[in-house]
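Spelled out from the first residue to the last, the chains are:
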Amino acid sequence: MTEPKLNLSPSPGDEVKTTTCYMCACRCGIKVWLKDGRIRYIQGNPAHPVNQGVLCAKGSAGIMQHYSPARLSKPLLRVGERGSGEFREIEWDEALQIAIGWLRPIRERNPDELAFFTGRDQSQALTGWWAQQFGTINYAAHGGFCSVNMAAGGLYTLGGSFWEFGEPDWEHTRYLMMWGVAEDHDSNPIKLGLGRLKARGAKIVAVNPVRSGYGAIADEWIGIRPGTDGLFAFALIHELLRADRIDLDYLVRYANAHWLVIRNPGGADDGMFARDAEGQALCWAGGAVRADAIDISPAVVGEYVLPDGRRASPVFHLLAERYLDPQYAPEAVAARCGIPAATIRRIARELAAAAFDSNLELPIAWTDANGRRHETMTGRPVAMHAMRGISAHSNGFHTCRALHVLQLLLGAVDSPGSFRYQPPFPRPIPPANRPGKARRENGSLDAPPLGFVHGPEDLVVDAKGRPRRIDEAYSWAYPLAAHGMMHAVIRNAWAGDPYRIDTLLMFMANMSWNSSMNTAQTIGMLTDRDASGEYRIPHIIYSDAYASEMVAYADLVLPDTTYLERHDCISLLDRPISDADGAADAIRHPVFAPETQAGSDGSPRDVRGFQSVLLELGARLGLPGMVDADGAPVYSDYADYIVNHQRAPGVGLLAGWRGADGSQEGKGPPNPRQLEAYIAHGGFWHAKVPEPARYFKMANRDYLEWSVRMGFIAKADPVVLQIYSETLQKFRLAAQGHGAMQPPEQHRARVAAYFDPLPVWYEPFEGAQAAAADAFPLSAITQRPMFMYHAWGSQNAWLRQIAARNWLYLHPDTAARHGVADGDWVHVDSHHGRITVQARCVANVQPDTVWTWNAIGKRRGAWRLAKDAPEGSNGFLLNHLISDRTQAGDYANADPVTGQAAWFDLRVRIAPAAREAASLPQFPSLPMGKAPGDPLRYGADLREQP
Ligand code: SF4
């Protein structure tokens, strides 16, 4: 008898295309299998360095993102009132003409009247350049309300940062502390790494008020009170100093622990580094000598008299003075942090034991930046990772710096087993690029609008010290606002403070809903009119792929493509996908031409990638760099720009397959066949860091020279890690009345207080200002679920099946104290507003904190969900409770150093409420259409028939 012929490996489809996922920020490699011209299946790309074949629920549900009923189909021109959702479909040419009609006069009159802000897009290398060429200083992306504290805290301290720019040494770490890490951004790469740690038996400690996601698999959960992470870090530092369990050799070799700080209270040089005539920092080694001298034994404590008679002490001396103070003893901080003193002491002991008693020594010979050869690399296998939980507080910048100081004391930055830089980091401290603020003759800015200030002279303020930007970033109120302050734009534009703008251009930013603090009033600002009857924000242009809440508030809607219909570039000039052992970038390329992908009701779609539209607008406006001498467009579309644009000679958006024949990497002339090379190699490029260059990157000659060759840094100088920040001290001195640029009177005390050159902790503003302990005794925070990413995910037909609504989660003891039972309705009040929602009792939360999932609540009618969709009826936002100003009304609800939105500072009280038909507040339903077919079904006809 013959066996039947079985196909044991049936192909999932008849064609496969390899590109990059866009269902969250991780940017994993994916293979999109097609059958009969439709998506059969999305698979993780096993060859891709980010995910190594792993695909998460979000990535798989990309099918539903591509076929979402909420996709926009055609450019829209508002015909009703703003917010009414009444639009007329128009052709692209008319849409572009309208946009040009608004933008051209602005460009000619005053480019700053255009405010261009983008949400969670991945093309800031283009959008920032476009804003620069247009000449507006009013540009930013969403980092100001997401995690600029972490980026700035890291870049001003380590020349690199957590999150997407560094990673734990998954191979060697024996102890990982995760601080405020959410699962939506740090998805597959972290999961893979955590799996490796679990397999090796390394200890994982999660510090978070809520135990969800990664906290659930941690060996220890520390349910900290929101906003007290810095205090906890200082107590750990206190204990390490007290027990003398610190790596002094490391601190002197790689950080500025021995640099001398001038002690001259009241003087213009107080707190600045002692420097020689060439400006080189000095230390004390029997006398004042250059701090970068080798083969010296510099003092780290004491006070010394410089040859010119001034007194000075090493940074470490100041550090020890501060953190050995009893105010940072475990007993002193335990109650405020909600962590027993014994636990704090034990964690400090465990950190020290993991770092110093492990005897991790890798047999890798390497050469340091001074040319000295080392036969081995000494490890400190303690790693830290942090995210928005520590960042979105008004004390977040200093908390991020506090964590970095803790790492440095343990010798645990880029040593084996610790936190590792991902190329192109580390970079000089502060990074070299400063914010553009002057206009060239051709109307463009002298530098991109976002950059890093080195001192007061870099602020973007007028002669009287008043803000020049609409969001007040880089002003005395928020001097290091390196990502801008998107959360301040709509209020300031509405108020005409510091001036009125003409046009607000936004991309992928749901500002009339979950991306704004103070949502209800923000809606009012978008629709408010002045005395003449005109909208206070005269023109709003918005680009999005989906019928989000923000679409209803635009005058002109430019429909974007889905991520499978576009070219994109995950560039090293923007947010790279490198890992610690290699530099990497990637592309997206169209799996489908958008015109072939009808809407879910069968109607044709006429959509264009926003980046290509932006370049066309630029060409029609004749912007420098976008037209040639004859006025013809330089770039036909975004794909053309990705390949041919050069930011500096030989430096383009993609680092792989450069040069005419594609043989160069890092730097090289454009390669006309570059995109083909990427597609042939799975859509990504990855260059391994040479083995001797993989650790101590801040002082590793091989790495620094490799980094120069790749075009990441200009010179192979070592990056000295800045425990003590002279940049911050420059601002403090200005506030104390020194220097040519000083803050206006109303900002002096604030700048002097918060520009401390060593990390400090202070009560988050909302708690400090709200008489909070009595009136609003609970903290309220949000978490992003592992299965969703921003507002996008919660309209996805498959992901909605995991959760279609949220609840207010509170600890059972807290519920009992308030007379609330599981499922009850509760009023939640802040100093700013009230919501009425349903509660659930859970034990995974610190008892003084309530929490909920973020951005699942939707406005009825938006995203083409059914009228009675749970997201609209029972789902809710905490945003209604969060003010966009401090309670005193004097500043944005933000960190005073970076302007980071402080939405995790929220304080509330709860009280039982009567049963409601729906969560409150509710808003009029938006007439954005409705999904045909409910529930959405997909793929049954693609199954193999037996
Ligand atoms: S982790 Fe993010 S990028 Fe990776 S597959 Fe999941 S959704 Fe896509």
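Bear in mind the structure is a predicted one, so any value in this text is a computation, not a measurement.

A. Structural detail: the overall build of the protein chain. Across its full length, the protein chain carries 28 helices and 36 strands. In terms of overall dimensions, the protein chain is globule-like: its C-alpha atoms have a radius of gyration of 27 Å, near the 30 Å expected for 946 residues. Expressed along its principal axes, the backbone C-alpha trace of the protein chain runs to roughly 80 × 80 × 70 Å. Buried positions account for 66% of the 946 residues belonging to the protein chain. If you take every contact in the protein chain between residues at least 6 apart in sequence, the share linking residues at least 24 apart comes to 71%.

B. Main features of the sheet that holds strand β12 (residues 260-262). If you trace the 3 strands from one edge of the open sheet to the other, you get β12-β16-β15, paired in antiparallel fashion. Sheet topology places β12 and β15 (304-305) at the edges, where each strand pairs with a single neighbour. Sheet strands in contact with helix α11 (residues 315-323) are β12 and β16 (311-314), and its direction is about 75° off that of β16.

C. Region of interest: the side chain of Ser84. Its location among the elements puts Ser84 in the loop between β4 (76-78) and β5 (87-89). Polar contacts involving the side chain of Ser84 include one to the main-chain carbonyl oxygen of Glu81, which spans 2.6 Å. A polar contact of 3.2 Å, which involves the side chain of Ser84, links it to the backbone nitrogen of Glu86. With near-sequence residues (within four places) excluded, Ser84 lies in contact with Ala552 and Pro927.

D. Seen up close, the packing of aromatic side chains. According to the stated counting rule, one finds 40 aromatic pairs in the structure shown. Where Phe116 meets Trp130, the ring centres are 5.6 Å apart and the plane angle is 80°; that geometry is what we call edge-to-face. Placement of Phe116 in strand β6 (residues 114-118) and of Trp130 in helix α4 (residues 124-134) is noted, with a sequence separation of 14 residues between them. A relative accessible area of 0% means that Phe116 is categorised as buried. Relative accessible area serves as the criterion here: at 0%, Trp130 is assigned to the buried category. Judged by centre distance (5.3 Å) and plane angle (45°), the rings of Trp179 and Phe232 are tilted. Remark: Phe232 occurs in helix α9 (residues 229-242) and Trp179 occurs in strand β9 (residues 175-179); sequence separation between them is 53 residues. As far as burial versus exposure is concerned, Trp179 and Phe232 are alike and both buried.

E. Fine view of the nonpolar core. In this structure, Met177, Trp179, Phe232 and Leu721 are the most contacted members of the largest nonpolar core, which totals 294 residues. In contact with Phe232, other than residues within four places in its own chain, are Met177, Trp179, Val207, Ile222, Ile224, Cys337, Ile339, Ile344 and Ile347. Formed by 11 residues, the second largest nonpolar core is a distinct cluster that contains Ile570, Ala584, Ala586 and Phe684.

F. Expanded view of the packing of helix α22 (residues 726-735) against helix α23 (residues 745-754). Running from amino to carboxyl end, α22 crosses α23 at an angle of 150°, the nearest separation of the two axes being 8 Å. Of the two elements, α22 crosses α23, and the hand of that crossing is left-handed. Where α22 abuts α23, its residues Phe731, Arg732, Ala734 and Ala735 lie against Arg748, Val751, Ala752 and Ala753. Partitioned by chemical class, the residues of the contact of α22 with α23 number 6 nonpolar, no polar and 2 charged.

G. Expanded view of the state of the cysteines. Counted by the stated rule, this structure contains 0 disulfides. The closest cysteine sulfur to the non-disulfide-bonded Cys146 is located on Cys400, 12 Å from its own sulfur. Just so you know, Cys337 is unpaired, no disulfide at all, and the nearest cysteine sulfur is the one on Cys400, 16 Å from it.

H. Focus on the site of the ligand. Around the ligand, the neighbouring residues are Cys21, Met23, Cys24, Cys26, Arg27, Cys28, Leu55, Cys56, Lys58, Gly59, Ser187 and Asn188. Of the residues assigned to the shell around the ligand, the class counts are 7 nonpolar, 3 polar and 2 charged.

I. Seen up close, α11. Of all 9 residues in α11, 7 are buried, a share of seventy percent or more. For α11, the set of buried residues is Val315, Phe316, His317, Leu318, Leu319, Ala320 and Tyr323. In this structure, the buried residues of α11 make contact with α9, α10 (248-254), β12, β16 and α15 (396-409).

J. Representation of helix α3 (residues 92-109) in the model. Between the first and last C-alpha of α3 there are 26 Å, a value that for 18 residues agrees with the 26 Å anticipated at 1.5 Å per step. Along its length, α3 reaches its greatest deviation from straightness, about 25°, at Gly101, and the proline Pro105 lies no more than four positions downstream. Where α3 is concerned, the buried positions are Trp92, Ala95, Leu96, Ile98, Ala99, Ile100, Trp102, Leu103, Ile106 and Arg107.

Thresholds, definitions, all that
Residues numbered from 1 in each chain as written. Predicted model: local features only at pLDDT ≥ 70, side-chain atom pairs only at ≥ 80, totals over all residues. Heavy atoms only, no water. Helix = DSSP H or I, 4+ residues; strand = E, 2+ residues; numbered from the N terminus. Rg over C-alpha atoms; globule rule 2.2 N^0.38 Å. Buried < 20%, exposed > 50% of the residue type's maximum accessible area, 1.4 Å probe, protein only. Contact = heavy atoms within 4.5 Å. Pairing = 2+ DSSP bridges. Axes fitted to C-alpha atoms, helices over the stretch in contact; angles between N-to-C directions. Polar contact = N/O pair within 3.5 Å; in protein donor to acceptor, adjacent residues only side chain to side chain. Phe/Tyr/Trp six-rings, centres within 6.5 Å; stacked < 30°, edge-to-face > 60°. Core = buried A, V, L, I, M, F, W, Y, C linked by side-chain atoms within 4.5 Å. Left-handed = near helix turned anticlockwise from the far one by under 90°. Nonpolar A, V, L, I, M, F, W, Y, C, P; charged D, E, K, R; others polar. Disulfide = S-S within 2.5 Å. Near = heavy atom within 4 Å. Expected span 1.5 Å × (residues − 1). Bend = angle between axes of the 7 residues up to and from the residue.

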